[in-house]
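Each chain, letter by letter, is given below.
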Amino acid sequence: MEINGSASRRSIQRLKCSVMNYDWGRIGRESGVARLFSLNSGVNIEEDRPHAEFWMGTHDSGPSFVVDGFENGAALSLKSWIAKNPHVLGDKIVQKWGVNLPFLFKVLSVAKALSIQAHPDKELATALHKMRPDVFKDDNHKPEMALALTEFEALCGFISLEELKEVLQNVPEIAEVVGSVYVNQVLDINNEDGEEKVKAVLRSLFTQLMSASNDVISKALSELKTRLNTASEVRQLTDKEQLVLRLEKQYPADVGVLASFLFNYVKLNPGEALYLGADELHAYIRGECIECMATSDNVVRAGLTPKNRDVEILCSMLTYKQGFPKIVQGVPVNPYTRKYIPPFDEFEVDRCILPRGASVAFPASPGPSIFVVMEGEGTMVAESFEDLVREGDVLFAPANTDISLSSASELLHLYRAGVNSRFF
């Protein structure tokens, strides 16, 4: 077996990465993912095709390849290269996660809403993978973070009890679908009754809504559209009402449209982030973001999707936490870089924007890193590596590698994913 030697000797590895053409992605050149993939791979943009996700990492569903690595004449995947050079992960990583990259790094371009979904914890992921490996492709959990590149919209978690009561009083279509018994359970409960009791009532209401028949949902959404279109002639619709009408155009007669009234509507500005733990309900709506997560592709869906739905599993697994999620700004580590450190061991992300002539150091980490250049160009310097980097470049840096970057353009805009600093 011959393995190209030059790739093994260099500290930094250039990567060619995978694109996912999911239906919800932005089309052609409108998609930042399409432009990034084209620059990274040398493949022309398919103008009429959605380009949804750009994957950087070792997951089998969307592998990255070492640019100068070959095995028996074929391109060498990053996963295979790491397996042959496990020292690049660092000792603590190998001890905890084995010979595999513990995080998956992505860029997303969202034109229409992703499914209402949650990602299972480790125990549930293991059970689902064993039971249905064709749907749940691995046995890992999938905590994740979304970091906005543009204005970015999402639904995330359940609204507060007070807001929920207002929804049930002001959105008659939901009350009609679930019935008065479930509505009254919510209206009669207070936070003083205890968190677990409130969660149980919310779970019952949500499960009843998500389990309604297609005919019932179709009728309710028809009535909702008529009511909101009439209301828009005499008043300004709320942001949530406008969103619901937009979602109904994307996914007509879908229960997720009605359920959206129960979720927090979050708008992120560039540089703002959300952390999403296991069993936390969410749906990305529109915009572009950096995403990082534990290495997994497990998703449990129940609405806003033509794909397979697992309503019973989703409704049973959720945490049912209520209240608006925390929006994270990142912590400045120098004038040009902000670090986002989630409460998960597997990953952290740095956002770096360098003006012309500026330089920045990324001190050696005990774990590996992946860098992606989103805009501009500059020079990256590391042991036995000095080269121009520009938009579309993706680079793997082994553990214990000191890196410096300098900008040769108006702005050099890049991101680094690595193992969470708190882990070491």
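Residues numbered from 1 in each chain as written. Predicted model: local features only at pLDDT ≥ 70, side-chain atom pairs only at ≥ 80, totals over all residues. Heavy atoms only, no water.

Secondary structure assignment for the protein yields 13 helices and 25 strands. Computed over the C-alpha atoms, the radius of gyration of the protein is 23 Å, within 12% of the 22 Å expected from 2.2 N^0.38 for a compact globule of 424 residues. For the protein, the C-alpha atoms occupy an extent of roughly 70 × 45 × 40 Å along the three principal directions. Every one of the 424 residues in the protein was classed for burial, and the buried ones make up 55%. Contacts in the protein between residues far apart in sequence, at least 24 positions, make up 76% of those at least 6 positions apart. Put simply, the protein shows about 18,000 Å² of open surface, and 48% of that area lies on carbon and sulfur atoms. The centroid of the 44 positive side-chain charges in the protein is displaced by 1 Å from the centroid of its 57 negative side-chain charges. (Helix = DSSP H or I, 4+ residues; strand = E, 2+ residues; numbered from the N terminus. Rg over C-alpha atoms; globule rule 2.2 N^0.38 Å. Buried < 20%, exposed > 50% of the residue type's maximum accessible area, 1.4 Å probe, protein only. Contact = heavy atoms within 4.5 Å. Areas by Shrake-Rupley, 256 points an atom, 1.4 Å probe, with all protein chains shown as cover. Lys, Arg positive; Asp, Glu negative; His and termini not counted. Charge placed at Lys NZ, Arg CZ, Asp CG, Glu CD.)

Here we come to the pattern of salt bridges. This structure, assessed with the given rule, holds 27 salt bridges. Between D23 and K112 there is a salt bridge, with the nearest N and O atoms lying 2.8 Å from each other. With D23 in the loop between strand 2 (18–20) and strand 3 (26–27) and K112 in the loop between strand 8 (103–110) and strand 9 (116–118), this pair connects stretches of sequence that are 89 residues apart. Taking the relative accessible area as the measure of exposure, D23 reaches 54% and is therefore exposed. You can call K112 partly exposed: its relative accessible area is 22%. Close ionic contact of R309 with D254 constitutes a salt bridge, the shortest N to O distance being 2.5 Å. (Salt bridge = Lys/Arg side-chain N within 4 Å of Asp/Glu carboxyl O.)

For helix 6 (residues 161–170), every residue scored as buried is listed here: L161, L164, K165, V167 and L168. The arc that holds the buried residues of helix 6, viewed along the axis, is 160 degrees, so those residues lie on one side. Opposite the packed face of helix 6, turned more than 90 degrees from it, sit the exposed residues Q169 and N170. Of the surrounding elements, those touching the buried residues of helix 6 are helix 7 (172–178), helix 8 (180–188) and helix 9 (195–210). (Arc of directions from axis to C-beta.)

Glancing now at the packing of aromatic side chains. Overall, the coordinates contain 12 aromatic pairs when judged by the stated rule. Between Y22 and W24, the ring centres sit 5.8 Å apart and the planes meet at 40 degrees, which makes this aromatic pair tilted. When its relative accessible area of 8% is taken as the criterion, W24 is described as buried. An angle of 25 degrees between the planes, with centres 5.3 Å apart, marks the rings of F158 and Y320 as stacked. On the criterion of sequence distance, the pair formed by F158 in strand 11 (residues 152–158) and Y320 in the loop between helix 13 (311–317) and strand 16 (331–334) is long-range, its members being 162 residues apart. Grouped by ring-pair contacts, the aromatic residues F158, F206, F263 and Y320 constitute a single cluster. The ring of F423 has K92 sitting right over it, with the charged end atom 5.2 Å from the ring centre. Directly above the ring of Y22 sits K307, whose terminal nitrogen or CZ lies 4.7 Å from the centroid. (Phe/Tyr/Trp six-rings, centres within 6.5 Å; stacked < 30°, edge-to-face > 60°. Lys NZ or Arg CZ within 6 Å of the ring centre and 35° of its normal.)

Before going further, it helps to examine the packing of helix 10 (residues 214–231) against helix 11 (residues 239–250). Interaxial distance between helix 10 and helix 11 falls to 11 Å at its minimum, and their mutual angle equals 135 degrees. Our classification of the angle between helix 10 and helix 11 gives oblique. In terms of crossing hand, the pair formed by helix 10 and helix 11 is left-handed. Taking contact as the criterion, the partners of L224, K225, L228 and N229 in helix 10 are, on helix 11, E241, V244, L245 and E248. Broken down by class, the residue content of the contact of helix 10 with helix 11 amounts to 4 nonpolar, 1 polar and 3 charged. (Axes fitted to C-alpha atoms, helices over the stretch in contact; angles between N-to-C directions. Parallel < 35°, antiparallel > 145°, perpendicular 65-115°, else oblique. Left-handed = near helix turned anticlockwise from the far one by under 90°. Nonpolar A, V, L, I, M, F, W, Y, C, P; charged D, E, K, R; others polar.)

Bringing the sheet that holds strand 21 (residues 377–382) into the picture now. Taken together, the 4 strands give an open sheet; going across it, the order is 19-24-21-22, and neighbouring strands pair in antiparallel fashion. Lying at the two open borders of the sheet, with one neighbouring strand each, are strand 19 (359–362) and strand 22 (385–390). Averaged over all pairs of adjacent strands, the angle between strand axes in this sheet comes to 20 degrees, irrespective of strand direction. (Pairing = 2+ DSSP bridges.)

This brings us to the packing of helix 6 against helix 8. Helix-helix packing: each pair is described by the crossing angle between the helix axes and the interaxial distance. Viewed as axis vectors pointing N to C, helix 6 and helix 8 meet at an angle of 140 degrees, and their least axial separation amounts to 9 Å. Compared by their axis directions, helix 6 and helix 8 come out oblique. Of the two possible hands of crossing, helix 6 and helix 8 adopt the one that is left-handed. Only V183, V186 and L187 of helix 8 make contact with helix 6, whose side of the interface consists of L161, L164, K165, L168 and Q169. Its residues placed into classes, the contact of helix 6 with helix 8 shows 6 nonpolar, 1 polar and 1 charged.

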